[in-house]
Amino acid sequence: MSGYDDRDGKIWMDGQLIDWREANVHILTHALHYASSVFEGERCYNGKIFKGVEHSHRLRSSAQLLDMEVPYSVEEIEAAKYAMLKANGWTDAYVRAIAWRGAGEDMGVSAARNPVRLAVAGWEWGAYYGDAKTKGAKIGISRWKRPSPETIPVHAKAAGLYMICTMSKHEAEAQGFSDALFMDYRGYVAECTGANIFFVKDGEVHTPLPDSFLNGITRQTVIGLLKEKGIRVYERHIEPYELEGFEQSWLTGTAAEVTPVGQIGDYHFEVGALTRDIAQTYEELVRR
């Protein structure tokens, strides 16, 4: 396929649908220089965006954590998403809403006088980790750590927080892995570069407590599904040495959906019955 800047189609931008190739910003856009932007990743299945309203609420909340006010309501953001999908003729697609500080009167760290802009784009996207849904993803361990909540707004889905994600994923891919696992600033297991992580031991599920990273919407959905099945879920701090004792593992995220993990560093996991079952249950849920 051609680059993401050179495609046919429509993108919703600042209240109107425009041609894909015309969806541009000025080089002095504040977000380009200072990472003053927040975004959401969502999937549309059979014409319906899964948990779309929750994503729109989180977009606005993330912006507020960065001292930005998105100039559109949740209802208006939802309408923009569906207008974009309709304009492109998609019923199954990935949806990307992004809000950012644009070019304006300020071009320093402070940018209170600059407008907050909003765009909604989308594209057709298959499995995020390729064939990992059957074989299990291979995950490296990042040398970077998720920072303390005292240093950054860890509960915002903010572009700047993904800098170490890109660096870590590039390093992992160069080593033959498909992603990287972060520890947090205290040394506990945290998350991967774009997905939360779960582990299974003795029929029970363990997942890191999201006190230094984003509590993913897919993560919350999967925890709910597990509890409905009567499976005990422990949200807690997990020490790295515990990886050796877990039997199964999977990732959750809008892009990842539910993806089994076959390896983390030197540790190996089976793509077991519980992993396959929760992946199937999630797949059925999003397509209802």
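Here is what the cut-offs are and how they apply
Residues numbered from 1 in each chain as written. Predicted model: local features only at pLDDT ≥ 70, side-chain atom pairs only at ≥ 80, totals over all residues. Heavy atoms only, no water. Helix = DSSP H or I, 4+ residues; strand = E, 2+ residues; numbered from the N terminus. Expected span 1.5 Å × (residues − 1). Buried < 20%, exposed > 50% of the residue type's maximum accessible area, 1.4 Å probe, protein only. Arc of directions from axis to C-beta. 1 Å grid on protein atoms, 1.4 Å probe; cavity = no way out; pocket = protein on both sides within 12 Å on 5 of 7 lines; lining within 4 Å. Points joined across faces, edges and corners; volume = space filled by probe spheres on them. Contact = heavy atoms within 4.5 Å. Phe/Tyr/Trp six-rings, centres within 6.5 Å; stacked < 30°, edge-to-face > 60°. Lys NZ or Arg CZ within 6 Å of the ring centre and 35° of its normal. Nonpolar A, V, L, I, M, F, W, Y, C, P; charged D, E, K, R; others polar.

Draft legend 1. Examining helix H3 (residues 74-88) more closely. The terminal C-alpha atoms of H3, which comprises 15 residues, lie 22 Å apart, in line with the 21 Å expected from a rise of 1.5 Å per residue. Within H3, burial applies to Val 74, Ile 77, Glu 78, Ala 80, Lys 81, Met 84, Leu 85 and Asn 88. Each buried residue of H3 sits inside an arc of 160° when the element is viewed along its axis, so together they form one side. Opposite the buried face of H3, at more than 90 degrees from it, the exposed residues are Glu 75 and Lys 86. Trailing H3 by a residue or two, Gly 89 shows a phi angle of about 70°, which is positive.

Draft legend 2. View of empty space enclosed by the protein. Scanning all chains against the criterion turns up 1 cavity of 30 Å³ or more. Taken as a whole, the largest cavity spans an internal volume of roughly 60 Å³. Lining the largest cavity are Glu 42, Arg 43, Tyr 45, Phe 50, Lys 51, His 55, Ile 217, Thr 218, Thr 254 and Tyr 282. Sorting the residues of the lining of the largest cavity by element identifies strand S3 (37-45) and helix H6 (217-228) as the ones contributing at least two each. With 3 residues, the top contributor of residues to the lining of the largest cavity is S3.

Draft legend 3. Looking closely at the environment of Pro 208. Looking at the secondary structure, you find Pro 208 in strand S11 (residues 204-208). Here the alpha-carbon distance between Pro 208 and Phe 198, two residues 10 residues apart in the chain, equals 7.5 Å. Beyond its immediate stretch of four places on either side in the chain, Pro 208 contacts Val 189, Ala 190, Ile 197, Phe 213, Arg 219, Arg 236 and Ile 238.

Draft legend 4. Region of the structure containing the packing of aromatic side chains. In total, this model carries 10 aromatic pairs according to the counting rule given. Taking the centre distance of 5.2 Å and the plane angle of 75° together, the rings of Tyr 4 and Trp 123 count as edge-to-face. Of this pair, Tyr 4 sits in the segment before strand S1 (10-13) while Trp 123 sits in strand S6 (residues 116-123), and the two are 119 residues apart along the sequence. Classification of Tyr 4 as partly exposed rests on a relative accessible area of 45%. Aromatic pair Phe 50 and Tyr 282: ring centres 5.8 Å apart, planes at 85°, arrangement edge-to-face. A residue pair is termed long-range when its members are at least 10 positions apart, and Phe 50 in the loop between strand S4 (48-49) and helix H2 (52-65) and Tyr 282 in helix H7 (residues 273-286) qualify at 232 residues. For the pair formed by Phe 50 and Tyr 282, the shared burial category is buried. Three or more aromatic residues joined by ring pairs make a cluster, and in this case those are Tyr 4, Tyr 94, Trp 123 and Trp 125. Positioned above the aromatic ring of Tyr 4, the side-chain terminus of Arg 7 is 3.9 Å from the ring centre. It is Arg 146 that lies over the ring of Phe 182; its NZ or CZ is 4.9 Å from the centre.

Draft legend 5. Focus on the layout of surface pockets. The computed volume of the second largest pocket comes to approximately 280 Å³. Lining the second largest pocket we find 16 residues, and of these His 30, Tyr 34, Ala 35, Ser 36 and Leu 66 sit closest to its centre. In terms of residue class, the lining of the second largest pocket is made up of 10 nonpolar, 4 polar and 2 charged.

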